Structure formats: C-alpha cells, structure tokens
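Below, each chain spelled out in residue letters.
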2 protein chains.
Amino acid sequence: MLTDLLGDRKLDGLLVSTLTNVRFYSGFTGSNGLLLVSASGGILFTDPRYTTQARAESRFPVEIVKGPLLAAIAKRLARLRVHRLGIEDQRISHTLYSSLAKLARLVPLGMDIESPRWIKSDAEIAAIRASVALNSAALDAALAHFRPGITETELAAEIDYQMRLRGASGPAFDTIVASGPHSARPHARPRPEPVRPGGYLLIDMGACLNGYMSDMTRTFGVGRMPRRARQIYDAVLESQLAALAAVRPGRRCGQVHAAAVAALRKHELHKYFIHSTGHGLGLEIHEPPRLAKADKAILAPGMVITIEPGVYIEDFGGVRIEDTVLVTANGMERLTQTPKAWTILDENPS
Amino acid sequence: MLTDLLGDRKLDGLLVSTLTNVRFYSGFTGSNGLLLVSASGGILFTDPRYTTQARAESRFPVEIVKGPLLAAIAKRLARLRVHRLGIEDQRISHTLYSSLAKLARLVPLGMDIESPRWIKSDAEIAAIRASVALNSAALDAALAHFRPGITETELAAEIDYQMRLRGASGPAFDTIVASGPHSARPHARPRPEPVRPGGYLLIDMGACLNGYMSDMTRTFGVGRMPRRARQIYDAVLESQLAALAAVRPGRRCGQVHAAAVAALRKHELHKYFIHSTGHGLGLEIHEPPRLAKADKAILAPGMVITIEPGVYIEDFGGVRIEDTVLVTANGMERLTQTPKAWTILDENPS
C-alpha cells in the first residue's frame, strides 16, 4: 500500500513517523521508531534498546541508530537521492517537520498513510474481539468484588488489575468509575469516595491487548433507586439500540448520531446528550470515523466503532451505555457481549 | 514568569500548547486546553466537557469553546491585536504550527516556557515526595504477594493495583517486571511467565499521584543464586552510590554519569552499562536534565532526578538500581526510602 503512494504522489520516499502507523506497517511495537519507504523498500530505524525486539518483530530490515534517529534518516535520504519525501503532516511534530524540510522537498500526505487503518483486517478484527472479550471478563471479575462501602478508586483499581491479570498491557484510557451525581460528568475521574446506595454507578473501561483497544460503558443502579433513574436508563438504552440499528455500510455517521438523538427526543432527554455517539478504535482508542452531528463520513465494512449515547443531569447523575461494534457487509456485529438490562447492585443494602 | 517572556521577547502574546505546561501555569488538569497569555493577562481555552472542572482549577479566566479551540484562539488573537506570538516550537504539532502561522508572526521560544518546570517549587517537591512514598509502599505491598510460580504479568498487575489503591491515577509508565535472562532487556515488558529461582527479578516502577511522577528500580535474587549474580549486584550498587555521591549543585550531569561508569569500570562491567545514568522528572516521567555521557547541563537546587545505573548481560540477566533524588543547596536528598541491600526472595524454594 505504501509503495502505491510513492507512485501516485510521485515521491522518491515517504516517512512513517507516528508510532501506531510504524507498528501497523512494520509490526514493530517499540516506543521509538521511524519507517522510511522508497522504491528500494522499507527500512525501520530504532535505537539500541530495541535491537533484539526490532529484528524479531519488523517486516522490514532494521537499522539500529545510536543517538538521534534523524541523523541516520538524513544519511539514508542522501544515499537514496530522495528529493520528494511524503510525510504525515497532520501527525508530525513541528521539530521533525523543520528538520526534514532541510533535507528534502516535503509532500504533505494528510491521512493517506494512516487511513488504511480505519478498515480493519481479519487479523485486526480478531485482535479487537479478544480485547473486547477480555474487557468484559475484567468487568465481571471486578463486579464480583463489589461490596457496600467500596470506593470509586478501589473499584477502578480492581478493574485495571483484572485486565492486567488477563494479559492486557493496561487500560486503553483512564478507567472511569463515577457514582451518584458524579456520574453526570462524562469524563469523571475516580474519587476515594464510597459508592452510595440510591445513585447510579457508571463504569467506562477499555483494555489494551496486543496493541488493540476495546471500549465499553455500563451504568448500574446501587441499592434502592428513584423511579426516574430507571426511566432515564431505559431511554438511553432505547437510544443506544436505535443507534446500533442504524449502523450499516453506506450510512453517514451523522445519521447514526441522529438516530440516537431522535430516540432521546421522544423522552425529552436529547438536550442532556452532550457528546457524539461514538468513534472508531483500533491501535488507538480514538480513530476516525467520528459519529457526530452532521458528520458526512460513510460507514464501511471492517470499521470498528463505539456506540455510546449518554444523558447527564447535573446534581442527579448520568447514564451512558456503550458497546464496541464491527460494521459488517450487511449491517453490524455487536462485539461487546456484556448484558445491558437494567441491573441493581447491592439490592439489599444493610 | 510568562509575562516576563512577553517583554523580553517583544511579544504581543504567547501560546502554551503542551498540556503539562498548561497545567503547570494554569492548574487545569483536563485533557484539552490551550493557554493564551498577553499583556492583558491569561485565558484558558477548553471544551464543554470541562466547564465545571476548568472553572474550579484554573488560575486564569476560562473560555469554553464548542468545536476546535483554534477558532476561538484566532478570534482572540485578532481582538487582542497579537502580531508577534511566542510558541513552544519544540513541542507544538505541525498542524497547530501551520494554522497559527496564518494568524500571527510566530516567535519560537524553544524551551523558555517549559524550563521553569525543571526547578521544582516546594509544593512540587512535596507532591513528588508523596508520589515516591506511594510508589515504595506499593512495592512493599506487592512483594507481600510474591509466591513461587507467580508470573511477571501477575506481579506487574499487583504492583499497579497497589498503586491505584493508594490513590495513584496510574503507573507513571508501563511497569517493568523482568525475571531471569529477560532482565537483560532494559525495557522488558512483563510476560505471562513464572518468575523462576536462580535468576534476577528486576522491577522498574513509578506512580503518578496528583500529576507528579516517581521512578524506582529494584533488583532481587530469587531462590538460590549463582555467586556471579551477587558480584554484579554489588558492583551496580557501588556505581549507584558513587553517582549519588557525585550529585550536587554546580556539577555537570556528565560528571555524575562518569562517576557511575568509573565504579563499574573497576569491575570491568562498564561496557554492559548501555544507557544514561538518569533523567529529570516531575509532571512528566522524562524531563531535562539528562545524566548522560559528556552532558554539560548543570545540576541546580530544586531539580529532581533519577540515578539508575544498570548492567545487562545477554543470556544471564540485568541489574538496575534506581532512586528518585532531589538536588539540594549542598548536595542531594534521596527521596526513595526503599532499601537497596541485596535481597533474596523465596529463599527456600520448595
């Protein structure tokens, strides 16, 4: 694919500088690497810490560089007579850009290097499926430790622990455990506060397994809940199911978001839905497409996205329900298997 | 401090775009923010997710922006008649740089916005001290779970769990647990492999507590160890103590590294020491200065650095011993209290 770009854009070379893209094309998973591609093939540049690992992982020949990788890139550009160099202009640091600009004529490739990642291969879908399954198993295991008086922090720590025990390198993002009125903050951070009866418990969690992310939100009731809590939950679930039903190849992302909003509007809750309906994920937790208002991106088979409408009511609480789903040839497959029926934890608080 | 920069560099404004720097100057801890400073003061720009949080945390007035922050910045630059805008050219993305270049004459400030962070205030030292203490407590608690047959992955999960239980937002970096020959890889990732008797167990871990990092490495023996293992350990400890003794204000960083190398040379182990002796840390896990060969940066009171020499012998194993230390007016204070005497875990393997 990268060599096609060389011809299409009349390039002598191109430089992959975003680590997730370096990984995608080369297989190398270290924290420092650049991939230079020219007509004579690709070369992965990394430092001596990764000598063994890079040679084991990389699909391309490896050059181990002591000191800044850029010095080695500069030599290689000269040797390969690279005059027109394609770059990831929307991802590159200004420092690297400035240095490269002294070595070659830079051709901005926009997202052309990255965009193949948005349609997942079978191997990638399998990797995401495994990450999603691990994430669900970690939630089940963590909830088995739920007890009256447990704090948000303790529950978040338990969740991350259960992910790690199952082989995740870590959470895909800071795990959110938010209870009571705190759940009304979409990006709440866990507090050392006990999860009290009578309020929601919102858990938003994802795992990183072999580099691939998962993402799921579940909202529970704790103890005796006000009637309104259940009504809001049911409305959000209706919205989430409506959005899921709208997912299919050829659909505009904005239409999926509109379906989620329309379901909430029936309950006059749409004004409390203050974010987009979802996002792509893969090697990164946030990738295109974005399922937002009026977004014109078109869903295609092989995309993996989240569907996660939410309602947030200040001083009361928030509900979000989120699955990771695969866009298929005919519609979608929900990868997340964790149930979504309204569930009350600690039903008989002492 | 930022307003001094305006005068010194004849700027109409400056833009703080690196999140850790936004946090340092404004107090705002969210994941999306830009701080614009002009003669009329500073303004923090963030998005609606952070309305409540930004107003609670920020020392500057807050502007909540729907959509891209840059559009709001553009309007404000025009209203304030900012012609010369100082930027963090070594940190900024190329995309942001290109957009700003259309709005004002950009003045590269290098690390002038960031460098005040390298000398820690009393409040910051207290925050790092707390992070270091938490990190040590988490190691103790995790080692209490050490048992024959435990895997590297399980131990790493336990370490991160113990950090989280004590209030850390997470590990400062991917926790390293590497046993046997695997410890010879300085950046080893935990494997689902049991920690076997007869080899080293190297643990490199740091906590992030209220935004501030800690960093510590300890290396243990497991069960009956070959004599050579102890000899290498003692040499690395000697090297670490020599480097610590070399830390004082006015010293060049390269001299501290040289002290670590000289101690290893006495044991003919210096060629197995393949990285630098340490680095600064604070809001980020890697900050200047770097304690590397021939590095001319000068140590100053208030700097917080790691001292972490190591020896890595392929097919045998690696030893690294690392403390977080504060450069004081007269020398240094070792913040890490975890003991460093040679310790064998699981002394009587069944």
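All figures in this text were calculated on a predicted structure; none of them were measured in a lab. (Residues numbered from 1 in each chain as written. Chains lettered and ligands numbered in written order. Predicted model: local features only at pLDDT ≥ 70, side-chain atom pairs only at ≥ 80, totals over all residues. Heavy atoms only, no water.)

1. Observations regarding the nonpolar core
Next up, step 1: In this structure, L2(B), L14(B), V16(B), L35(B), L109(B) and I113(B) are the most contacted members of the largest nonpolar core, which totals 34 residues.
Next up, step 2: At the level of elements, helix 1 (2-8), strand 1 (13-16), helix 2 (19-26), strand 2 (34-38), helix 6 (122-143) and strand 11 (212-213) of chain B are the ones that each hand at least two residues to this core.
Next up, step 3: With four residues, the single largest contributor to this core is helix 6 of chain B.
Next up, step 4: The residue makeup of this core includes at least three contributed by each of domain 1 (2-116) and domain 2 (119-345) of chain B.
Next up, step 5: Once you skip the residues sitting within four places of it in the chain, L35(B) turns out to touch L2(B), L14(B), L15(B), V16(B), V22(B), Y25(B), S26(B), I43(B), L44(B) and F60(B).
Next up, step 6: L14(A), F24(A), C208(A) and L335(A) belong to the second largest nonpolar core, which has 33 residues in total. (Core = buried A, V, L, I, M, F, W, Y, C linked by side-chain atoms within 4.5 Å. Buried < 20%, exposed > 50% of the residue type's maximum accessible area, 1.4 Å probe, protein only. Helix = DSSP H or I, 4+ residues; strand = E, 2+ residues; numbered from the N terminus. Domains from an automatic or database assignment. Contact = heavy atoms within 4.5 Å.)

2. Side note on the packing of aromatic side chains
Next up, step 1: Inspection of the entire model under this criterion finds eleven aromatic pairs over all chains.
Next up, step 2: Considering the side-chain rings of Y200(A) and W342(A), the 6.3 Å spacing of their centres and the 85 degrees angle between planes classify their relative orientation as edge-to-face. Separated by 142 residues along the polypeptide, Y200(A) in strand 9 (residues 200-205) and W342(A) in the loop between strand 19 (332-334) and strand 20 (344-345) bring together distant segments of the chain. Side by side, Y200(A) and W342(A) carry an identical accessibility label, which is buried.
Next up, step 3: For the ring pair Y233(B) and W342(B), a centre distance of 4.9 Å and an interplane angle of 50 degrees mean the geometry is tilted. With a gap of 109 residues between them, Y233(B) in helix 8 (residues 227-246) and W342(B) in the loop between strand 19 (332-334) and strand 20 (344-345) connect regions that are remote in the sequence.
Next up, step 4: You can call W342(B) buried: its relative accessible area is 17%.
Next up, step 5: A connected cluster of aromatic rings, assembled from ring pairs, spans Y200(A), Y233(A), F316(A) and W342(A).
Next up, step 6: Over the aromatic face of F316(A) sits the side chain of R228(A), whose NZ or CZ is 4.4 Å from the ring centroid. (Phe/Tyr/Trp six-rings, centres within 6.5 Å; stacked < 30°, edge-to-face > 60°. Lys NZ or Arg CZ within 6 Å of the ring centre and 35° of its normal.)

3. What about the domain arrangement of chain A?
All names here are of chain A.
Next up, step 1: Domain boundaries assigned for chain A yield domain 1 (2-116) and domain 2 (119-345).
Next up, step 2: Here domain 1 packs against domain 2, burying approximately 530 Å² in sum over the two surfaces, 48% of which is carbon and sulfur.
Next up, step 3: Three residues, T20, R23 and F24, lead the burial of domain 1 against domain 2; their summed loss comes to 65% of the area buried on that side.
Next up, step 4: In this structure, E284 and R91 form a salt bridge, with 2.5 Å as the shortest nitrogen-oxygen distance.
Next up, step 5: Linking domain 1 with domain 2 are four residue pairs in polar contact (both at pLDDT 80 or more).
Next up, step 6: For the side of domain 1 that touches domain 2, the class distribution of residues is two nonpolar, two polar and three charged. (Buried area = accessible area lost by both parts, 1.4 Å probe. Salt bridge = Lys/Arg side-chain N within 4 Å of Asp/Glu carboxyl O. Polar contact = N/O pair within 3.5 Å; in protein donor to acceptor, adjacent residues only side chain to side chain. Nonpolar A, V, L, I, M, F, W, Y, C, P; charged D, E, K, R; others polar.)

4. A word on the interface of chain A and chain B
Next up, step 1: The partner chain B presents 27 residues to the 27 residues of chain A that form the contact.
Next up, step 2: Roughly 2,500 Å² of surface becomes buried between chain A and chain B when both sides are summed, with 50% attributable to carbon and sulfur atoms.
Next up, step 3: Considering only the surface of chain A that becomes buried against chain B, H94(A), Y161(A) and R164(A) emerge as the three largest contributors, covering 26% of it.
Next up, step 4: Inspection of the chain A/chain B interface yields two salt bridges.
Next up, step 5: Where chain A meets chain B, there are twelve residue pairs in polar contact (both at pLDDT 80 or more).
Next up, step 6: Of all elements in the fold, only helix 3 (51-57), helix 5 (94-101) and helix 7 (152-165) of chain A reach the threshold of two or more residues within the side of chain A that touches chain B.
Next up, step 7: With nine residues, helix 7 of chain A is the largest single contributor of residues to the side of chain A that touches chain B.

5. Some points on the relation of the copies chain A and chain B
Next up, step 1: Superposition record for chain A on chain B: RMSD 0.0 Å, screw rotation 180 degrees, translation along axis 0.0 Å. Between the two chains, the operation in question is that of a two-fold axis.
Next up, step 2: Comparing interface residues between copies, 100% of those in chain A also sit at the interface in chain B, which points to an isologous, same-surface contact. (Least-squares fit on C-alpha atoms with pLDDT ≥ 70 in both.)

6. Observations concerning the pairing of strand 17 (residues 317-320) of chain B
Residues and elements named next belong to chain B.
Next up, step 1: Alternating residues of strand 17 divide into G317 and V319 and G318 and R320, and every residue in both groups is buried.
Next up, step 2: Two strands pair when backbone bridges link them, and strand 16 (residues 310-313) and strand 17 are joined in this way by four bridges, in the antiparallel orientation. If you follow V311 over to strand 17, its bridge partner there is V319.
Next up, step 3: If you look at the hairpin formed by strand 16 and strand 17, you'll find three residues sitting between the two strands, and D315 has a positive phi there, around 70 degrees. (Pairing = 2+ DSSP bridges.)

7. Thoughts on the confidence of the model for chain A
Next up, step 1: Confidence in the prediction of chain A, expressed as mean pLDDT, is 96, and 99% of residues score 70 or more.
Next up, step 2: Predicted complex, confidence summary: ipTM 0.85, pTM 0.91. (pLDDT = per-residue confidence, 0-100.)

8. Structural notes on helix 7 of chain A
Next up, step 1: Over its 14 residues, helix 7 of chain A runs 20 Å from end to end, which matches the ideal 20 Å to within 8%, given 1.5 Å per residue.
Next up, step 2: Counting buried residues along helix 7 of chain A, twelve of its 14 residues qualify, which places the element largely inside the surrounding structure.
Next up, step 3: Residues of helix 7 of chain A that are buried: E152(A), T153(A), L155(A), A156(A), A157(A), E158(A), I159(A), D160(A), Y161(A), Q162(A), M163(A) and R164(A).
Next up, step 4: On its buried face, helix 7 of chain A sits against helix 6 (122-143), strand 7 (170-171), strand 8 (176-179), strand 9 and strand 10 (207-209) of chain A together with helix 7 (152-165) of chain B.
Next up, step 5: Count one or two residues on from helix 7 of chain A and you reach G167(A), which has phi positive near 105 degrees. (Expected span 1.5 Å × (residues − 1).)

9. Quick look at the sheet that holds strand 20 of chain A
Residue and element names in this part refer to chain A.
Next up, step 1: Read from one edge of the open sheet, four strands run 8-9-12-20, paired in mixed fashion. The open sheet is flanked by strand 8 and strand 20, the only strands paired with a single partner.
Next up, step 2: Looking at chain direction, strand 9 and strand 12 (residues 216-222) are connected through six bridges and run antiparallel. Across the sheet, residue D204 finds its bridge partner in strand 12, namely T217.
Next up, step 3: In the packing of helix 7 onto the sheet, the strands contacted are strand 8 and strand 9, and the crossing angle to strand 8 comes to about 150 degrees. (Axes fitted to C-alpha atoms, helices over the stretch in contact; angles between N-to-C directions.)

10. Concerning the sheet that holds strand 10 (residues 207-209) of chain B
Hydrogen bonds along the backbone pair up the strands of a sheet, which may run parallel or antiparallel.
Next up, step 1: Spatial ordering of the open sheet is given by 7-10-11 (chain B), a layout of three strands whose pairing is antiparallel. The strands lining the two open edges of the sheet, one partner per strand, are strand 7 (170-171) and strand 11 of chain B.

11. Examining unusual backbone geometry
Next up, step 1: The amide bond that connects P288(A) to the next residue, P289(A), takes the cis arrangement and shows omega of 0 degrees.
Next up, step 2: Of note, P289(A) is situated in strand 14 (residues 287-291).
Next up, step 3: The backbone of E268(B) sits at a positive phi, close to 55 degrees, despite the residue not being glycine.
Next up, step 4: Position of E268(B) relative to the elements: it lies in the loop between helix 9 (253-265) and strand 13 (278-280).
Next up, step 5: The class of E268(B) is exposed, set by a relative accessible area of 65%.
Next up, step 6: Positive phi, normally seen in glycine, also occurs at D315(B), with a value near 70 degrees.
Next up, step 7: Among the structural elements, D315(B) can be located in the loop between strand 16 and strand 17.
Next up, step 8: Using a relative accessible area of 67% as the deciding quantity, one classes D315(B) as exposed.

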